[in-house]
Amino acid sequence: MLGLKLPTDPRWADIAEKNIEEILVDHAYCEQKAASTAISLIVTYPEYSELVTAMTALAREEMGHFKMVHDKILQRGYQMGWDRKDEYVIALRDFFPKGGSRATQLVHRLLIAGLIEARSCERFRLLSEQLQDQELAKFYKDLMISEANHYTMFLKFARKFGESREIVDQKWQDLLEFEASIMKDLGNKESIHG
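Residues numbered from 1 in each chain as written. Predicted model: local features only at pLDDT ≥ 70, side-chain atom pairs only at ≥ 80, totals over all residues. Heavy atoms only, no water.

A. View of the pattern of salt bridges. Tallied over the entire structure, the rule returns 16 salt bridges. Residues Glu122 and Arg119 are paired through a salt bridge, measuring 2.9 Å at the closest nitrogen-oxygen approach. Of this pair, Glu122 and Arg119 both sit in helix H5 (residues 102-130), three residues apart, which is roughly one turn of the helix. Summarising the burial analysis for this pair, Glu122 and Arg119 share the class buried. Between Asp169 and Arg165 there is a salt bridge; the shortest N-O distance is 2.8 Å. Separated by four residues within a single helix, Asp169 and Arg165 lie in helix H7 (residues 165-183), roughly one turn from each other. Note on Asp169: relative accessible area 22%, which makes it partly exposed. Beyond isolated ion pairs, a larger network of salt bridges with shared partners links Lys72, Arg76, Asp133 and Glu135. (Salt bridge = Lys/Arg side-chain N within 4 Å of Asp/Glu carboxyl O. Helix = DSSP H or I, 4+ residues; strand = E, 2+ residues; numbered from the N terminus. Buried < 20%, exposed > 50% of the residue type's maximum accessible area, 1.4 Å probe, protein only.)

B. Molecular detail of the state of the cysteines. As enumerated under the stated definition, the model contains zero disulfides in all. The structure places no disulfide on Cys30, whose sulfur is separated from the nearest cysteine sulfur, that of Cys121, by 14 Å. Its relative accessible area of 14% is what places Cys30 among the buried residues. (Disulfide = S-S within 2.5 Å.)

C. Structural view of the packing of helix H6 (residues 134-161) against H7. Between H6 and H7, the shortest axis-to-axis distance is 9 Å and the interhelical angle comes to 135 degrees. Taken together, the axes of H6 and H7 are oblique relative to one another. Of H7, the residues touching H6 (which contributes Tyr151, Leu155, Ala158 and Arg159) are Arg165, Val168, Asp169 and Trp172. When grouped by side-chain class, the residues that make up the contact of H6 with H7 number five nonpolar, no polar and three charged. (Axes fitted to C-alpha atoms, helices over the stretch in contact; angles between N-to-C directions. Parallel < 35°, antiparallel > 145°, perpendicular 65-115°, else oblique. Contact = heavy atoms within 4.5 Å. Nonpolar A, V, L, I, M, F, W, Y, C, P; charged D, E, K, R; others polar.)

D. Here's a closer look at the packing of aromatic side chains. Following the criterion strictly, the structure yields eight aromatic pairs and no others. Consider the rings of Tyr45 and Tyr48, whose centres lie 6.1 Å apart with planes at 65 degrees: the pair is edge-to-face. On the basis of an interplanar angle of 70 degrees and a centroid distance of 5.0 Å, the ring pair of Phe95 and Phe96 is categorised as edge-to-face. Classification of Phe95 as partly exposed rests on a relative accessible area of 27%. What makes Phe96 buried here is its relative accessible area of 8%. A connected cluster of aromatic rings, assembled from ring pairs, spans Tyr45, Tyr48, Phe157 and Phe161. When the ring centre of Phe139 is taken as reference, the NZ or CZ atom of Lys72 above it lies at 5.0 Å. (Phe/Tyr/Trp six-rings, centres within 6.5 Å; stacked < 30°, edge-to-face > 60°. Lys NZ or Arg CZ within 6 Å of the ring centre and 35° of its normal.)

E. View of the side chain of Asp86. Within the secondary structure layout, Asp86 lies in the loop between helix H3 (49-75) and helix H4 (87-93). Within the buried core, Asp86 has no salt-bridge partner, and the shortest N-O distance to an opposite charge, that of Lys33, equals 5.1 Å. Once residues within four sequence positions are removed from consideration, Asp86 is found in contact with Cys30, Lys33 and His193. (Lys, Arg positive; Asp, Glu negative; His and termini not counted.)

As structure tokens, this is what we get:
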């Protein structure tokens, strides 16, 4: 359903389980960044009323998720810790060329956001199926559903605001191929995308 070209190596879930504090902290920052992305889209593209409405709801939801993850961190006696660079997101942001029309830039941002949500959804599925900690497994199953909804929303908006469905779908396929190439070197770190 997600269209990812390279699935995560299932051994990543073992790395995650052995480093659950790091996973939770990284996950909290991912939620905060997702909220920031939604706010940035509102600020940058206020003329797209339907997008602004959706991003307002998304920012609120993502901050709710941040609180949920932060609560898990505190319940387990962990500390929030510092944010780390997300090599995955940095690589994705470099895929599309800079410049172009505002509409083209918007489509690129929406496609990247959609792909990040799709990969997060896939990772959450792995955690929900493979974590021995049943409380966290259920937690990630519930979040997986939200991530899938976010992925489809971003893709829908990209197709709506893009030049044509064919051009947007080709860009999506090209981005998926690129993402698969960078995922070959990821999946061995205690982070949501790493």
